[in-house]
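The lines below spell out each chain.
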Amino acid sequence: VTGAGRFSPQDIVRASGLDGASTFRADAASAARRIEALPGIRSATVELHGWTAATIVVEERTAWGSWQINGVNVPIDDEGYVLDGVQPPEGSPVVIEVNPGRVLNAGDRLDAGAIALAVRLVRESETAFGRRVTALAYRESAGLTAVLSGETVDDEPIWVTFGDSRDYDYKVAALYVLLEQARAQQLDVRAIDLRFGSRLSFN
């Protein structure tokens, strides 16, 4: 077994279902799927050798940031899976869920579209808009809202509701044009909603 860190090799072998058995009739693909069912495992490959041996390579999930629910920060990876036994990098993003009505357990998956959107915004917002993502909020009814910094330290932040990652490029382009128009017309824009295609709303 290679690639295991938080999991012991024994845990991986046990999950594979291959421990102590001949590999002659073993199904490597099924063994890999059983390993991937473990919370915290991103991928697994199993290669059989003869009748009695197998090589297992795993990739564990790593923390991208946190999902804050009921005041508690829960580590998540960049696909939205809830992790256990890991700490997110210092200063990593935190997505705050507003008015949650649930609890989270290791292995649960959050809104994948919202997480994919958050990952891209954190990575690309300064290049795309010249503004940093200073906060991220999630509402089940509205999806993801990003708080973008002002262009200068004296500017007020802008709250932008993206919803999810669908039509990301269009939303980014529309936001850029709107911000440029607001600058040219000296409009004080504080909140923008990009969820409804060409029907942009702002105030």
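Position labels on residues start from 1 in each chain and follow its written sequence. Side-chain atom pairs in this predicted model are given and counted only at pLDDT of 80 or more, local residue features only at pLDDT of at least 70, and totals for whole chains, interfaces and linings cover all residues. Hydrogens are left out, water is left out, and the side-chain values use all remaining heavy atoms of the structure.

**Points about the pattern of salt bridges**
(1) Moving on: For this document, the term salt bridge refers to a Lys or Arg side-chain nitrogen within 4 Å of an Asp or Glu carboxyl oxygen. Under the counting rule described, the total for this entry stands at 17 salt bridges.
(2) Moving on: The salt bridge partner of D164 is R166, with a shortest N-O separation of 2.8 Å.
(3) Moving on: You can call D164 buried: its relative accessible area is 18%.
(4) Moving on: Each residue is assigned to one of three classes by its accessible area relative to the maximum for its type, calculated with a 1.4 Å probe on protein chains only: buried under 20%, partly exposed between the two thresholds, exposed over 50%. With relative accessibility at 60%, the residue R166 sits in the exposed group.
(5) Moving on: Here D164 makes a salt bridge to K171, at a shortest N to O gap of 3.9 Å. Like D164, the residue K171 is buried in the burial classification.
(6) Moving on: Here the residues in one salt-bridge network are R42, E59, R61, D77, D78 and E79, joined through shared partners.

**A look at unusual backbone geometry**
(1) Moving on: Despite not being glycine, D167 has its phi angle at roughly 55 degrees, a positive value.
(2) Moving on: Note that D167 resides in the loop between β8 (158-163) and α4 (168-184). Numbering goes from the N terminus for both helices and strands, where a helix is a DSSP run of H or I of at least four residues and a strand is a run of E of at least two.

**Side note on the pairing of strand β3 (residues 65-69)**
(1) Moving on: Across the five residues that make up β3, a large majority, four, are buried.
(2) Moving on: Pairing between strands requires that DSSP locate at least two bridges from one strand to the other. Across five bridges, the pairing between β3 and strand β4 (residues 72-76) is antiparallel. Each bridged residue has a counterpart across the sheet, and for I69 the counterpart in β4 is V72.
(3) Moving on: What sits between β3 and β4 in their antiparallel hairpin is a turn of two residues, with N70 showing a positive phi close to 55 degrees.
(4) Moving on: With three bridges connecting them, β3 and strand β5 (residues 94-97) associate as parallel partners. Within β5, the residue paired with Q68 across the bridge is I96.

**A few points about the sheet that holds strand β9 (residues 191-193)**
(1) Moving on: Reading across from one edge, β4-β3-β5-β6-β7-β8-β9-β10 is the order of the eight strands in this open sheet, with mixed pairing throughout. For this open sheet the edge positions go to β4 and β10 (201-202), each flanked by a neighbour on one side alone.
(2) Moving on: In terms of strand pairing, β5 meets strand β6 (residues 133-139) through three bridges, oriented parallel. Across the sheet, V95 pairs through a bridge with L136, a residue of β6.
(3) Moving on: Working rule for contacts: check all heavy atoms of both residues, and any pair within 4.5 Å makes them a contact. In this description, a line fitted to the C-alpha atoms serves as the axis of each element, helices being fitted only across the stretch in contact, and the angle between N-to-C directions of two axes falls anywhere from 0 to 180 degrees. The strands touched by α4 within the sheet are β7 (143-148), β8, β9 and β10, with β8 carrying the most contacts at an inclination of about 155 degrees.

**Re the nonpolar core**
(1) Moving on: Counting residues in each nonpolar core, the largest one holds 34 residues, and the members touching the most others are W67, L121, L144, V160, F162, L175 and I192.
(2) Moving on: Broken down by secondary-structure element, the contributors of at least two residues to this core are β3, β4, α3 (112-129), β6, β7, β8 and α4.
(3) Moving on: Of the residues forming this core, the biggest block, seven residues, is contributed by α3.
(4) Moving on: Sequence-distant contacts of I192, that is, excluding residues within four places in its chain, are made with I158, W159, V160, T161, L175, L178, L179, S201 and F202.
(5) Moving on: In this description, a nonpolar core means a group of buried Ala, Val, Leu, Ile, Met, Phe, Trp, Tyr and Cys residues linked to one another through side-chain atoms lying within 4.5 Å. Among the nonpolar cores identified, the runner-up in size contains 12 residues, and F7, I12, A15 and V46 belong to it.

From the geometry alone we can't say anything about function, so treat these as descriptive.
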